[in-house]
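Examination of the molecular architecture
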Amino acid sequence: MSSLTVQIHEDKYAVSAEAARITQNYLMETLNKQDEATVLLATGNSQIKFLEALTDSRKIDWSRVNFLHLDEYLNIDKDHPASFHTYLRAKVENKIKAKSFNYLLGDTLEPLQECIRYSKLLRRRQVDICFLGVGVNGHLAFNEPQAENFNDFDLVKIVELDLNTRCSQVDQNYFQSIENVPKYALTVTIPMILSVKRILCLATGENKAKIVKIMLQNNISSKCPSSILRQHSDTTLLLDKCSASLL
Ligand SMILES: N[C@@H]1[C@@H](O)[C@H](O)[C@@H](COP(=O)(O)O)O[C@@H]1O
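Presented here is a report on the structure given in the accompanying data block. Computed from a prediction, not measured in an experiment: that's the story for all the values here. (Residues numbered from 1 in each chain as written. Predicted model: local features only at pLDDT ≥ 70, side-chain atom pairs only at ≥ 80, totals over all residues. Heavy atoms only, no water.)

One open sheet holds the three strands; their spatial order is 4-8-7, and the pairing between them is antiparallel. Two strands bound the open sheet, and with one partner strand each, they are strand 4 (71-73) and strand 7 (156-160). The sheet shows a mean angle of 20° between the axes of neighbouring strands, direction not considered. Relative to strand 8 (residues 184-188), strand 7 runs antiparallel, the two being bridged by five bridges. In the strand pairing of strand 8, Lys 157 is matched with Thr 187. Packed on one face of the sheet, helix 4 (residues 111-124) meets strand 7 and strand 8 and runs near 140° to strand 7. (Pairing = 2+ DSSP bridges. Helix = DSSP H or I, 4+ residues; strand = E, 2+ residues; numbered from the N terminus. Axes fitted to C-alpha atoms, helices over the stretch in contact; angles between N-to-C directions. Contact = heavy atoms within 4.5 Å.)

Dropping the structure here:
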């Protein structure tokens, strides 16, 4: 049965605090039932305060938690300031002592082999919880809007990034100019995301209001990949008043 719960909070700080609270409780419950837990991490501005609050938690036994992440640019050095590797190393890996931390390698010379390697890692364990943001064009991880259905067979794939997505990375000062933004990326696919037990999706700010409305009120369609979350069995979408302003 599908179940998407929408919460509307005062601002991005309240969203982050609530996301950290939900995750902390969920991971504690999970670790009471099983030896290890597995988390699929997102990057982006929506995650910053949330990850800060979560990694401050002293109630979670991080030594029993495995981490993987959703996506990475292709042809980017892992130490590049805009790589998701740099982001996650600083915001998560360096802050806790995890059981394992498994990066998608964007500087690989063999992208197809990297997809296979990462798919194997993802298959090894059931992912317990996945964090997501929503792109301004509705993308989930780097699953860009497209005409076809959500029919990927693979768990990880190579994608060509939308011009919109690449421009938004410049607008947010991750890259100096559009020429510097990689054209391709690796991403976990929609079927992989839907296989996760619990999903927390965070979308805050006025620039997300239009897409949040489309995501929740238009037909479920691969033209707005995030709309597929309405078919997942246990997803919470956390909005602030700005991103929820058109609902
Ligand atoms: N590829 C990432 C996504 O994984 C992220 O969730 C999304 C939302 O970003 P933000 O959190 O900045 O709104 O866009 C980025 O481009």
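There is more to say, and it comes next.
The sheet built from seven strands is open, its strands ordered 1-10-9-6-2-3-5 with parallel pairing. Sheet topology places strand 1 (4-9) and strand 5 (100-102) at the edges, where each strand pairs with a single neighbour. Shown here is a sheet whose adjacent strand axes are inclined to one another by a mean of 15°, direction ignored. Relative to strand 6 (residues 129-133), strand 2 (residues 37-41) runs parallel, the two sharing two bridges. Paired with Val 39 across the two strands is Ile 129, which belongs to strand 6. The sheet strands contacting helix 7 (residues 209-217) are strand 1, strand 9 (198-203) and strand 10 (235-240), and the helix crosses strand 10 at an angle near 150°.

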